[in-house]
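Reading the structure
If you want the building blocks of each chain, they are given just below.
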Amino acid sequence: MKRSPLLTLSILLCAAVLNAQSTPAPVSAKALQIHNSALIVDTHADTPQRFLDGGFDIADTDPKDVGHISLDKARAGNLDAEFFSIWVEPSYKGQYAHRAVDLIDSVYEQASRHPDRMMMAFSVADIERAQKQRKLAALMGIEGGHAIENDIRLLREFYRLGIRYMTLTWSNTNEWADSSGDIDDAKVEHHNGLSDFGKQVVLEMNRLGMMVDISHVADKTFYDAIATTKAPVIASHSSARALTDAPRNMTDDMLRSVAKNNGVVQVNFFSGFDDQGYWNATKALAKDRDAAIAAFVEKRKQEGKSVTYIEYDQIDREWAAKVPRPPFKSLIDHIDHIAKVAGVDHVGLGSDFDGVSGATPTGIDSAADLPKITQALLDRGYSADDIHKILGGNLLRVFRDVEKISQQMQNASASDMK
């Protein structure tokens with residue numbers, strides 16, 4: 001017997017309500033000691049949208065602020081380094097690079113306002129120096145290769161401005177790489193993975209010392225990138241498809257391929273990528289949600305106004321609130337699964353903080369809650385050394401390897417020119 005969509009959604013919501021009662025265990029003194037002795041790196045936060053469009057100050061202390069990242073929240077969670085996402089909404093067509101530069105500038109502005117608590121970082125050495133000075137290391141990664149506007153020179157300029165990774169695609173296929181977000185859309189022109197120019201982009205990223213990020217890409221793009229790159233790759237914010245069947249997540253074969261490449265998968269904290277029930281429930285709401293957003297956009301258009309990122313975020317929060325948050329263990333299950341399939345040397349944290357409209361598992365409300373992850377890993381039998389790897393050590397290893405390979409490629413190029 002077929003269930004009606006409404007009945008199916010009701011069942012999913014009831015299940016989610018029961019699951020949501022699972023909350024993190026209190027953080028013990030042992031877990032806190034392990035956590036505070038680690039160098040903790042998160043590879044994806046969308047806070048620059050708040051800086052630029054919302055006038056948010058990272059030193060804000062408003063207790064009612066719903067954001068995931070602030071200097072106080074980072075310090076409370078012992079977050080040492082954050083990669084701020086330079087994400088350009090595809091509607092900025094013709095202005096991708098301009099918008100990206102504006103977002104980059106917003107990060108620099110925050111660091112200049114708070115030099116006693118935050119510093120720009122461009123290397124592993126900078127991250128380590130910031131930790132010693134008890135400052136938040138601010139790094140940046142471009143989310144979506146469309147930002148370079150098909151110009152390898154712009155890629156180089158972005159590196160000079162401080163970009164240290166680039167996600168080859170966002171949810172949109174660009175002119176040289178296919179995305180998981182629209183791979184089944186027959187109206188979109190695809191390339192069967194990476195085009196020849198896309199492969200040139202990957203190799204130039206290797207030469208520059210910019211990490212190749214394979215989050216968001218279509219499966220064929222992933223394998224093309226793995227076959228092309230001379231350096232380890234990262235997935236800056238992706239989870240495991242074996243646990244949550246979302247196309248943005250990575251299959252076990254992909255996880256093993258990253259391990260063979262000596263790369264790292266940074267687990268996304270978004271509830272939809274970490275919990276199958278939540279993913280199903282939000283998909284059931286998608287049509288109504290998209291219609292409501294389209295109506296709001298049209299209303300603003302009639303008023304001669306555009307819709308800001310902050311307004312989109314507010315609408316998304318209202319819709320996200322219709323689905324109860326999944327249990328905390330959903331997130332830990334993904335970390336644990338990737339550690340078991342790829343190995344503990346190939347998993348880390350890529351929260352997607354400030355980019356998921358508050359849709360994180362129960363108990364994860366901001367960067368201040370990061371110690372709960374350490375407690376959960378300790379409870380599952382992970383050693384202090386392995387927890388340190390997951391919290392940041394693995395990402396730093398990959399970053400060092402990328403820096404080393406970049407230097408080797410540049411040295412080889414210089415020798416060839418003599």
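Because the structure is a prediction, the values reported are computed rather than measured. (Residues numbered from 1 in each chain as written. Predicted model: local features only at pLDDT ≥ 70, side-chain atom pairs only at ≥ 80, totals over all residues. Heavy atoms only, no water.)

What follows deals with the packing of aromatic side chains. If you walk through the whole model with that rule in mind, you get 12 aromatic pairs. Plain terms: the ring middles of Phe-83 and Tyr-165 are 5.5 Å apart, the flat faces sit at 35° to each other, and that makes the pair tilted. Linking Phe-83 in strand 2 (residues 79-87) with Tyr-165 in strand 5 (residues 163-167), this pair joins segments that are 82 residues apart in sequence. Tyr-165 matches Phe-83 in its accessibility class, with the two residues each being buried. Chaining the aromatic ring pairs together yields one cluster made of Phe-270, Phe-273, Tyr-278 and Trp-279. When the ring centre of Phe-56 is taken as origin, the NZ or CZ atom of Arg-50, which lies over that ring, is 4.0 Å away. (Phe/Tyr/Trp six-rings, centres within 6.5 Å; stacked < 30°, edge-to-face > 60°. Helix = DSSP H or I, 4+ residues; strand = E, 2+ residues; numbered from the N terminus. Buried < 20%, exposed > 50% of the residue type's maximum accessible area, 1.4 Å probe, protein only. Lys NZ or Arg CZ within 6 Å of the ring centre and 35° of its normal.)

It is worth spelling out unusual backbone geometry at this point. For Arg-134, which is not a glycine, the phi torsion comes out positive at approximately 55°. Within the secondary structure, Arg-134 is located in the loop between helix 6 (124-132) and strand 4 (136-143). Arg-134 gets classed as exposed once you look at its relative accessible area, which sits at 56%. In the Ramachandran plot, Ser-357 falls in the positive-phi region, its phi being about 50° despite a non-glycine side chain. Here Ser-357 is to be found in the loop between strand 9 (347-349) and helix 15 (370-379). For Ser-357, a relative accessible area of 10% puts it in the buried group.

This paragraph deals with the pattern of salt bridges. Overall, the coordinates contain 26 salt bridges when judged by the stated rule. Taking the shortest distance from any N to any O, the salt bridge between Glu-128 and Arg-400 comes out at 2.6 Å. Of the two residues, Glu-128 sits in helix 6 while Arg-400 sits in helix 16 (residues 384-417), which places them 272 residues apart along the sequence. Overall, the relative accessible area of 30% leaves Glu-128 in the partly exposed class. Under the relative-accessibility criterion, Arg-400 is labelled partly exposed at 39%. In this structure, the salt-bridge partner of Arg-300 is Glu-303, at a minimum N-O distance of 3.6 Å. Overall, Glu-303 belongs to the partly exposed group, its relative accessible area being 39%. Counted as one network, the salt bridges with shared partners bring together Lys-329, Asp-333, Asp-336, Lys-340 and Arg-380. (Salt bridge = Lys/Arg side-chain N within 4 Å of Asp/Glu carboxyl O.)

On to the confidence of the model for the chain. When pLDDT is averaged along the chain, the result is 94; 95% of the residues meet or exceed 70. Throughout residues 1-21 the model reports pLDDT below 50, and contacts reaching past four residues in sequence, or to other chains, amount to 20 contacts. (pLDDT = per-residue confidence, 0-100. Contact = heavy atoms within 4.5 Å.)

This part covers helix 15. The element helix 15 is extensively covered by neighbouring structure, given that 8 of its 10 residues are classed as buried. Among the residues making up helix 15, those that are buried are Leu-370, Pro-371, Ile-373, Thr-374, Gln-375, Ala-376, Leu-377 and Leu-378. Gly-381 sits one or two residues past helix 15 and shows a positive phi near 95°.

Turning to the pairing of strand 1 (residues 40-45), a few remarks are in order. Among the 6 residues that make up strand 1, 6 are buried, leaving the element largely enclosed by the rest of the structure. When strand 1 meets strand 2, the two strands line up parallel, connected through 4 bridges. Residue pairing in the sheet places Asp-42 in a bridge with Glu-82 of strand 2. (Pairing = 2+ DSSP bridges.)

All right, on to the side chain of Asp-369 then. If you trace the backbone, Asp-369 turns up in the loop between strand 9 and helix 15. Polar side-chain contacts of Asp-369 include one of 2.9 Å to the side chain of Lys-372. Those residues in contact with Asp-369, other than ones at most four positions away along the chain, are Gly-363 and Ile-364. (Polar contact = N/O pair within 3.5 Å; in protein donor to acceptor, adjacent residues only side chain to side chain.)

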